[in-house]
Amino acid sequence: MTTYRLSHLDSLEAEAIYIIREVVAEFEAPALLFSGGKDSAVLLHLAVKACWPQRLPFPLVHVDTGHNFPEVISYRDSQVERLKLRLVVGSVQEDIDRGSIVEHPTPGATRNRLQTFTLLRVLEEGGYDAVFGGGRRDEEKARAKERIFSLRDEFGQWNPRAQRPELWNVYNTRHRSGEHFRVFPLSNWTELDIWQYVEQESVPLPEIYFAHRRPVFRRSGMLLALGPFTQPREGHSEEEVFEASVRYRTVGDMTCTAAVESAAVTPIEIITETALSRVSERGATRTDDRFSEAAMEDRKREGYF
Amino acid sequence: MELLRFATAGSVDDGKSTLIGRLLYDSKQVFEDQLEAVEASSLARGDEYTNLALLTDGLRAEREQGITIDVAYRYFATPRRKFIIADTPGHTQHTRNMVTGCSTADLVVLLVDARVGPTEQTRRHATVASLLGIRHLVCCINKMDLVDWDRARFEAIRREFDDFATGLAVTDITCIPISALRGDNIVERSSEMKWYDGPALLRHLEEVHISSDRNLVDLRFPVQRVVRPIAANELRDFRGYAGQMASGVLQVGDEVVVLPSGFSSAVEAIETAAGPIEEAYPPMSVLVRLKDELDVSRGDMLCRPHNQPSVGQDISAMVCWMSEVALRPGAKLSLKHTTRWVRALVKDIQYRLDVNTLHRDREAPELSLNDIGRIDLRTTLPLFYDEYRSNRSTGSFVLVDDATNATVAAGMILRPSN
Ligand SMILES: Nc1nc2c(ncn2[C@@H]2O[C@H](COP(=O)(O)OP(=O)(O)O)[C@@H](O)[C@H]2O)c(=O)[nH]1
């Protein structure tokens, strides 16, 4: 006799597909924010499943900081090709060249804050009224209270005080023109769920998620890859370059995304490492979030992902 | 692994944050850097111990005021289950948060301070849980360390709580004596309370039987989208109805009726992107194809010929009012029910429920923020609905203010009104 029970992964998948279909049904111009990271890869996989057998009826939006890992860009392009998707790229470099935003004078300074401008510009130009993001509530405290359908005002800003109550799975999608929603179908997923799902569904990921050897150095306890934007500083003898087997747990801006030492080359091995890990994802690998506990909340208010 | 969603509630200072912090900590969901940050904040605040409650305190404003004011979601897993906690703040004026947290929960954990016993707040939370159709209530009697682990104290509180709870619709009530601060009866059975022979809280959460809570009898499939790919040539005739199973079991070959048209057909196939399946059940998201080409659109519903929901425009419902602007008879609002938007006129406020005494105030002229009451509605189009008690999916709705677009009420359908 069948028990009519779904596993936790299948329940999470069913919930995400339902959310994506609600958006397609109720909004005029959705888009999916695609960073090339594992969360957006899973999100894209779910979107394709939710719309099947139709081709994805909305574009991917990618904010290119100009500091992306080349592996991530080529992964992005291969997905676009494979799934015959529409891709809209917002270039932070172009906005800098145009003088719309000013880069911090330190060479290799992070462009994390700058991307908010480019993102909002692209969203406005595209007239998108619902933008899918891969955010998860377990990532960070400020996210724990964010709704699945999260309203942004005309300036793309989030107001944590004025959130609408979200009841059952009856989502209120009403908004004024100029406002838009960020929609987070992965809200209820944890990092472990993501990896288990990648394994279960064979979701393709950029290869830098898996262990590979590369030259790295240590800075403030973090492992940074030797690259065009990250080099040991002069007079810092502790930043000595060595080769190590590493992988990335997130794939952000190359200037501020650190690697972890690892031998994991398959999702299963990553699951094992993740289950044992005692350092949270952001804490381990995002130098930008270390500044303050409220850093994320501030950036979200400004319209960051 | 199965998913259990639960909400936590209690008055301020009953120890809810400490309890959740402990569940996360003891199940190894807390990472070293988060712990370091919490240790640093604890030190800065002058706490004499690492304040696990800080692990769950979200936004900056709340940290500054030292209170939790919005529902926050937390995650942890054991080898047996994955858990989603809706952490609902304890303040009196936040009934709406409790309603929100309960709307997606299978179970509610209520905290009671062993020194104080059940309060008005405890009763209110239990009542809201019951109204929201929660079947399992766990009453954690906390701070047992402060009453010398006294069995008689625990038994007295348990009796008091049970007496009150007989008036509720919740069928499964469990009381557990705990100390959130010391970790007694949270993950491990307490060595201080040998007299208690029930399970520790976590064990109970892992084992409580929830799968029979789902309605597998009444087939209800609200259509979310009609899928007709245009581009792909080989799929030109494809016409599928996308949706999530609200209740019941659907099998290939089943006779179904489409509401509101009333036309019937049979299920040709149940499809997913991973391939066709033979049967679907909640909460699966699938695509259903029918043998006949019918006119079906979003908001329609598939059900069985001999088991249909109520169809009508006059509905009586319990609502929790969530807006600062009070609700008065004559109000016109938008209403979303399953995948359907209609407009609704509030014809009458039958009564306002006093959630502390369960008294029904039939003279109440309006419902204000956080009030719960019974109203009669008339909708512009018929809804296909069931009583909330028998079907949470087809028995629930939200009301939306057309001027502000704000969600102003959660509704639970009782029956047709006259
Ligand atoms: N002695 C004792 N104190 C506790 C216990 N649980 C919580 N507390 C304390 O009660 C106070 C309020 O706890 P907190 O978790 O912040 O309560 P909340 O407002 O319900 O989230 C804090 O000082 C806790 O340390 C317990 O089991 N025993």
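Everything below is about the structure shown above.
Rules and cut-offs
- Residues numbered from 1 in each chain as written.
- Chains lettered and ligands numbered in written order.
- Predicted model: local features only at pLDDT ≥ 70, side-chain atom pairs only at ≥ 80, totals over all residues.
- Heavy atoms only, no water.
- Helix = DSSP H or I, 4+ residues; strand = E, 2+ residues; numbered from the N terminus.
- Buried < 20%, exposed > 50% of the residue type's maximum accessible area, 1.4 Å probe, protein only.
- Contact = heavy atoms within 4.5 Å.
- Areas by Shrake-Rupley, 256 points an atom, 1.4 Å probe, with all protein chains shown as cover.
- Pairing = 2+ DSSP bridges.
- Axes fitted to C-alpha atoms, helices over the stretch in contact; angles between N-to-C directions.
- Near = heavy atom within 4 Å.
- Polar contact = N/O pair within 3.5 Å; in protein donor to acceptor, adjacent residues only side chain to side chain.
- Nonpolar A, V, L, I, M, F, W, Y, C, P; charged D, E, K, R; others polar.
- Salt bridge = Lys/Arg side-chain N within 4 Å of Asp/Glu carboxyl O.

Caption draft 1: Geometry of the overall build of chain A. When you go through chain A residue by residue, the secondary structure sums to nine helices and 10 strands. Across the 305 residues in chain A, those meeting the buried criterion constitute 62%. Considering only intrachain contacts with a sequence separation of at least 6, the fraction spanning at least 24 residues in chain A is 73%. Element-wise, carbon and sulfur atoms account for 52% of the exposed surface of chain A, whose accessible area totals about 11900 Å².

Caption draft 2: Representation of the sheet that holds strand E15 (residues 301-303) of chain B in the model. On the basis of which strands lie adjacent, the open sheet formed by seven strands has the order E7-E15-E11-E12-E14-E9-E8 (chain B) and antiparallel pairing. Sheet topology places strand E7 (221-222) and strand E8 (225-227) of chain B at the edges, where each strand pairs with a single neighbour. With respect to the sheet, helix H1 (residues 8-26) of chain A is in contact with E8, strand E9 (240-244) and strand E14 (285-290) of chain B, its orientation differing from that of E14(B) by roughly 65°.

Caption draft 3: Main features of unusual backbone geometry. A cis amide bond links A:Trp52 with the next residue in sequence, A:Pro53, at an omega value of 0°. Its location among the elements puts A:Pro53 in the loop between helix H2 (38-51) and strand E2 (60-64). Residue B:Pro260 is bonded to the preceding B:Leu259 through a cis peptide linkage, with omega at 10°. Looking at where B:Pro260 falls in the secondary structure, it is placed in the loop between strand E11 (255-259) and strand E12 (264-271). Although it is not a glycine, A:Lys84 adopts a positive phi angle of roughly 50°. Examined against the element boundaries, A:Lys84 turns out to sit in the loop between helix H3 (70-83) and strand E3 (87-91). One non-glycine residue, B:Asp13, lies in positive phi territory at about 80°. Structurally, B:Asp13 can be placed in the loop between strand E1 (2-9) and helix H1 (16-26).

Caption draft 4: Quick look at the sheet that holds strand E5 (residues 149-152) of chain A. All names here are of chain A. The strand order across the open sheet formed by six strands is E3-E2-E1-E4-E6-E5, and the pairing between neighbours is mixed. For this open sheet the edge positions go to E3 and E5, each flanked by a neighbour on one side alone. Recorded for the sheet is a direction-independent mean angle of 30° between the axes of neighbouring strands.

Caption draft 5: Seen up close, the site of the ligand. Residue and element names in this part refer to chain B. Not every one of the 17 residues close to the ligand is listed here, only the nearest: Asp-13, Lys-16, Ser-17, Thr-18 and Asp-145. Within the backbone of Gly-15, one N or O atom sits 2.9 Å away from an oxygen atom of the ligand. One of the backbone N or O atoms of Leu-181 is found 3.2 Å from an oxygen atom in the ligand. Within the complex, the protein chains bury 80% of what would otherwise be the 580 Å² of accessible surface of the ligand. When residues of the shell around the ligand are assigned to their parent elements, the largest contribution, three residues, is made by H1. When its residues are assigned to classes, the shell around the ligand shows six nonpolar, six polar and five charged.

Caption draft 6: Highlighting the environment of A:Gly235. Residue and element names in this part refer to chain A. Counting through the fold element by element, Gly-235 comes out in the loop between strand E8 (222-225) and strand E9 (242-248). Exposure remark for Gly-235: the relative accessible area of 81% places this residue in the exposed category. Separated by 169 residues in sequence, Gly-235 and Gly-66 have C-alpha atoms that sit 28 Å apart.

Caption draft 7: Representation of the pattern of salt bridges within the structure. Summed over all chains, the structure comprises 47 salt bridges over all chains. Where B:Arg81 meets B:Glu2, a salt bridge forms, and the shortest distance between an N and an O atom there is 3.1 Å. Remark: B:Glu2 occurs in strand E1 and B:Arg81 occurs in strand E3 (residues 81-87); sequence separation between them is 79 residues. One exposure class covers both B:Arg81 and B:Glu2, and it is buried. Note that B:Asp314 is salt-bridged to B:Lys347, the shortest N-O span being 3.1 Å. In this pair, B:Asp314 is assigned in strand E16 (residues 310-321) and B:Lys347 in strand E18 (residues 340-353), connecting sequence segments 33 residues apart. Classification of B:Lys347 by relative accessible area gives partly exposed; the value is 35%. One salt-bridge network, held together by shared partners, links A:Glu94, A:Asp95, A:Arg98, A:Arg121 and A:Glu125.

Caption draft 8: Seen up close, helix H6 (residues 191-201) of chain A. Taken together, the buried positions of H6(A) are occupied by A:Glu191, A:Asp193, A:Ile194, A:Trp195, A:Tyr197, A:Val198 and A:Glu201. Backbone geometry just downstream of H6(A) places A:Ser202 in the positive-phi region, at approximately 50°.

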